[in-house]
Amino acid sequence: MRIIRGKYGRRRFSVPTNITARPTTDFARENIFNIIENMADIEGLRCLDLFAGTGAITFELLSRGATSVTAVEKSPVQARFIRSVAEQLHDDNLILVKGDALRFIRDASTPFDFIFADPPYDLPGFAEIPVAVLGSRLVAPGTLFILEHSRAYDFSALPHFVRHVAYGSVNFSIFLIPESKTKEETPS
């Protein structure tokens, strides 16, 4: 696993062979981060990485200055790898939640500025994940939410959908929760 840019840029970590995650390719990760950085300034954001896998997205966010990243990963092997990389980087801005991402979506009560979700493509109920995130307390006005998925899905009809991009077989649907209007901006 390679961290592409930021304070940890170009650092490489050997992923254990028993990891079952399908990490986002470097090419797709670099391109989606170019889009993210055109939509939001990562520095200072409170971020959430659901189905964190190897933590590649988590560490890219930390490397680029996120205030905190909560990484949710159910697999003990993957969670240990994420913890190990965080220790090697001496980064205290990672909050690792060893648990089920779907339960986290349902039970969480704190909103995030940025949410990334990369569920296993064959996860039962995959199509319901963006609906669950968008309807949860994880989002607030201004939240940017990105879902990685296969080309089998089209989420363009969901609320707050702004864009779909594909890099090879890796697809991303991008959602942006609009900022609330102040009383002065609300039309009478």
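Residues numbered from 1 in each chain as written. Predicted model: local features only at pLDDT ≥ 70, side-chain atom pairs only at ≥ 80, totals over all residues. Heavy atoms only, no water.

Visitor: Explain the pairing of strand β1 (residues 46–50) to me, and be specific about the residues and the numbers.
Guide: Among the 5 residues of β1, 4 are classified as buried, and the element is accordingly described as predominantly covered. Here 5 bridges tie β1 to strand β2 (residues 68–73), and the two strands are oriented parallel to one another. For Leu-48, the partnering residue across the bridge sits in β2 and is Thr-70. Read as a crossover between parallel neighbours, the route from β1 over helix α2 (residues 56–63) to β2 is right-handed. With 4 bridges joining them, β1 and strand β4 (residues 114–117) adopt parallel strand pairing. Paired with Cys-47 across the strands is Phe-114, a residue of β4. (Buried < 20%, exposed > 50% of the residue type's maximum accessible area, 1.4 Å probe, protein only. Helix = DSSP H or I, 4+ residues; strand = E, 2+ residues; numbered from the N terminus. Pairing = 2+ DSSP bridges. Right-handed = clockwise from strand over helix to strand, strands pointing away.)

Visitor: Provide a residue-level description of the sheet that holds strand β5 (residues 144–149), including the pertinent values.
Guide: Across the sheet, which stays open at both edges, the 7 strands sit in the order β3-β2-β1-β4-β5-β7-β6 with mixed pairing between neighbours. For this open sheet the edge positions go to β3 (94–98) and β6 (161–167), each flanked by a neighbour on one side alone. Strand-to-strand twist across the sheet, computed as the mean angle between neighbouring axes with direction ignored, equals 15°. One ladder, built from 4 bridges, connects β4 with β5; its direction is parallel. Its bridge partner lying in β5, Ile-115 is registered against Phe-145. (Axes fitted to C-alpha atoms, helices over the stretch in contact; angles between N-to-C directions.)

Visitor: Let's hear about the nonpolar core: which residues, and what values?
Guide: Ranked by size, the top nonpolar core spans 39 residues in total, and within it Ile-32, Ile-36, Phe-59, Leu-61, Phe-114, Ile-146 and Phe-172 carry the most contacts. The element that contributes the greatest number of residues to this core is helix α3 (residues 76–89), accounting for 6 residues. Apart from residues no more than four positions distant in its own chain, Ile-36 is found in contact with Ile-42, Phe-114, Leu-144 and Ile-146. Counting 22 residues, the second-largest nonpolar core is a separate cluster that includes Phe-51, Val-133, Leu-134 and Ile-177. (Core = buried A, V, L, I, M, F, W, Y, C linked by side-chain atoms within 4.5 Å. Contact = heavy atoms within 4.5 Å.)

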